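# Geometric and topological summary
Residue strings, one per chain:
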Amino acid sequence: MGAKPFFITTAIDYTNAPPHIGHAYEKVLADVVARWHRARGREVFFLTGVDQHGQKVQQSAEKAGIPPAQFAREITAKFKALWAKLGIAYDGWAETTDPRHIRAVQAVLQQLHDQGDLYKAKHSGYYSVRQEQFLTDKERNDAGEFGPEWGEVVHLEEENWYFRLAKYRPWLAEYLAAHPEFVTPSFRGNELANAVAKEAGDLCISRPKSRLGWGIELPFDRDFVTYVWFDALMNYVTFAGYRAEPGAGLPDFEKFWPCDAHVIGKDILIPAHGIYWPIMLKAAGFGTMPKLLVHGWWNLGGAKVSKSSGNVVDPAALADRYGTDALRYYLMRDIATGQDADFNEERLRARYQADLANDLGNLVNRTVSMARRYRGEKLAAGPADRAPDAVALEALGSEAARRFDAAMAKYDVHLALEAAWELVAAANSFVESSAPWKLAKDEAQSARLDEVLAVLVEASRLAAALAHPIIPTSADHLLAQLGFGGCFNAQWQRLAEGHAVGEPTPVFPRLE
Ligand code: MSP
């Protein structure tokens, strides 16, 4: 039997507002990891999508004066268009209004109800409209108030359905202690363990239709819809085929579960993904748990990206201005996975100019141009016994590839890129020190010129192949020019005799 396919998902994005740079980062991160696994020959199931129900969507739709279904559809189209533009190559698409999802969510709710994990109770207290949850004194700030992060807070008395979360807390605490790999990075796992250790009650999983109509109806009490998080979290399994009817067009669940990485932002670890989700799975009878990859946030000028303060960057406009791969590269290079970073368009420009145009682009362009100029279309493999500087570059390239893969396996994309660009820098230095233009003038140096050109093509190919998951379109062009279209082999490979390179064309044009 082969290895289990790699199963990766992202948070599903709220359809109450158009996508911003934070949404784009998360999808690019997941796409890069998925492409890296595919490039190493592993089967991948990459699931992403949109969160269409809930109060936020209902409110935005009301403001726009259109039905929530239409509003969610319109915003969904914006997300889909952006993912197409950014080259997000997902295999599965989750929309929570999909009847297949609704059926499966209702089936799980019915099961939890039948096994006694749900109960109905009356609650009166403060409720945050923005966060769609009841607040307790824990949520009050030092001044004793509910801070601005909760948005509008209203007093409500309501009868609702509750999920017996407290009953499963001891299990979760034990699970976390025994499974440190549940959360990456580990400092987030520690935060989660601390949160779980605190006493807390059950989870309200319903909203009366009188207040919120835009959700999945409870199958055992038609006056209520499901709390949006219960609905949304379930997407990770329903769109992977969990409880799907035969012929529903969804994958074979057994083949993919458990998920290797739910890629989420730090804001939705506690309580949603770190507490509700594993407990929901446990209660539903799951024997295995997914893993969580928690990334940090992109801020703007040190402040949180937020639509209400007009503090947003449109990723589509950036991709139009600099190219999709420039944006992807910047988003992967200027943040350490798990940490926060500040978005800065000047940095994006600088990275494009320095790393892509000057370093990688120039290396390939010089290499292919010189190969054509000095040898025509066909290159020689060069002497089997190589000069010390060529041997050293090969060793450095192999080591860079090893470090690249080791970093990617830990989701440290920035470190992987650092390793790949050390190879690029070393190859550019090799061009300078070996000076092929001088060798070309001296007939006696013909074998050395063959060697230098071969080694440069090898180094360029390896660098482009490594960079492929991050900058797929550009890397495809670079590889094609090097005569290696479609070759993503991540090892140093000696050039074959008679290898033909293509036409040199700049892949990263200078910015205005
Ligand atoms: N709909 C919920 C998730 C449900 S998952 C079962 C949600 N949606 S969201 O649109 O608000 O956020 C989607 C993802 O984008 C989250 O993982 C969130 O952390 C991430 N980001 C939102 N803003 C971000 C930044 N400024 N920077 C990086 N990621 C950010 O939460």
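Heads up: the structure comes first, above all this text.
Only a predicted model underlies this, so the values are computations on that prediction, with no experimental measurement involved.

Rules and cut-offs
Residues numbered from 1 in each chain as written. Predicted model: local features only at pLDDT ≥ 70, side-chain atom pairs only at ≥ 80, totals over all residues. Heavy atoms only, no water. Near = heavy atom within 4 Å. Polar contact = N/O pair within 3.5 Å; in protein donor to acceptor, adjacent residues only side chain to side chain. Areas by Shrake-Rupley, 256 points an atom, 1.4 Å probe, with all protein chains shown as cover. Helix = DSSP H or I, 4+ residues; strand = E, 2+ residues; numbered from the N terminus. Pairing = 2+ DSSP bridges. Salt bridge = Lys/Arg side-chain N within 4 Å of Asp/Glu carboxyl O. Buried < 20%, exposed > 50% of the residue type's maximum accessible area, 1.4 Å probe, protein only. Right-handed = clockwise from strand over helix to strand, strands pointing away.

What follows deals with the site of the ligand. Around the ligand, 23 residues are found, and the nearest of them are Ile12, Glu26, Asp51, Gly265 and Asp267. In the environment of the ligand, an oxygen atom lies 3.1 Å from a nitrogen or oxygen atom belonging to the backbone of Tyr14. Here an oxygen atom of the ligand sits 2.5 Å away from a polar atom, N or O, in the side chain of Asp267. When the ligand sits alone it has 650 Å² of accessible area, and the protein chains cover 95% of it. Secondary structure elements with two or more residues in the shell around the ligand: strand E2 (13–14), helix H1 (21–39), helix H7 (228–233) and strand E13 (261–265).

Okay, the pairing of strand E5 (residues 118–128) next. With eleven bridges joining them, E5 and strand E7 (residues 153–163) adopt antiparallel strand pairing. Paired with Lys120 across the two strands is Trp161, which belongs to E7. Where E5 meets strand E6 (residues 133–135), three bridges bridge the pair, whose relative direction is antiparallel. The partner of Tyr126 across the bridge, within E6, is Leu135. Counted between consecutive antiparallel strands, the loop separating E5 from E6 contains four residues, among which Glu132 sits at a positive phi close to 55°.

The antiparallel open sheet is built from three strands, whose spatial order is E10-E12-E11. The sheet is open, and its two borders are formed by strand E10 (206–208) and strand E11 (217–218), each paired with just one other strand.

Per the counting criterion, the structure on display carries 33 salt bridges. A salt bridge links Asp221 to Lys120; the shortest N-O distance between them is 2.8 Å. Of the two residues, Asp221 sits in strand E12 (residues 221–226) while Lys120 sits in strand E5, which places them 101 residues apart along the sequence. Assessed through its relative accessible area of 11%, Asp221 is described here as buried. Beyond isolated ion pairs, a larger network of salt bridges with shared partners links Asp334, Arg347, Arg351 and Asp355.

Moving on to the pairing of strand E14 (residues 292–295). Alternating residues of E14 divide into Leu292 and Val294 and Leu293 and His295, and every residue in both groups is buried. The pairing of strand E8 (residues 183–184) with E14 spans two bridges and is parallel. Looking across to E14, one finds that Thr184 is bridged to Leu293. Examined bridge by bridge, E13 and E14 share four bridges and lie parallel to one another. Residue pairing for E14: His262 is matched across the bridge by Leu292. Read from E13 through helix H10 (residues 269–284) to E14, the crossover connection turns out right-handed.

One key point about sheets: their strands pair by backbone hydrogen bonds, in either a parallel or an antiparallel sense. Taking strand neighbours across the sheet as the criterion, the four strands line up as E6-E5-E7-E9 in an open arrangement whose pairing is antiparallel. At either end of the open sheet lies a strand with only one pairing partner, and these are E6 and strand E9 (203–204).

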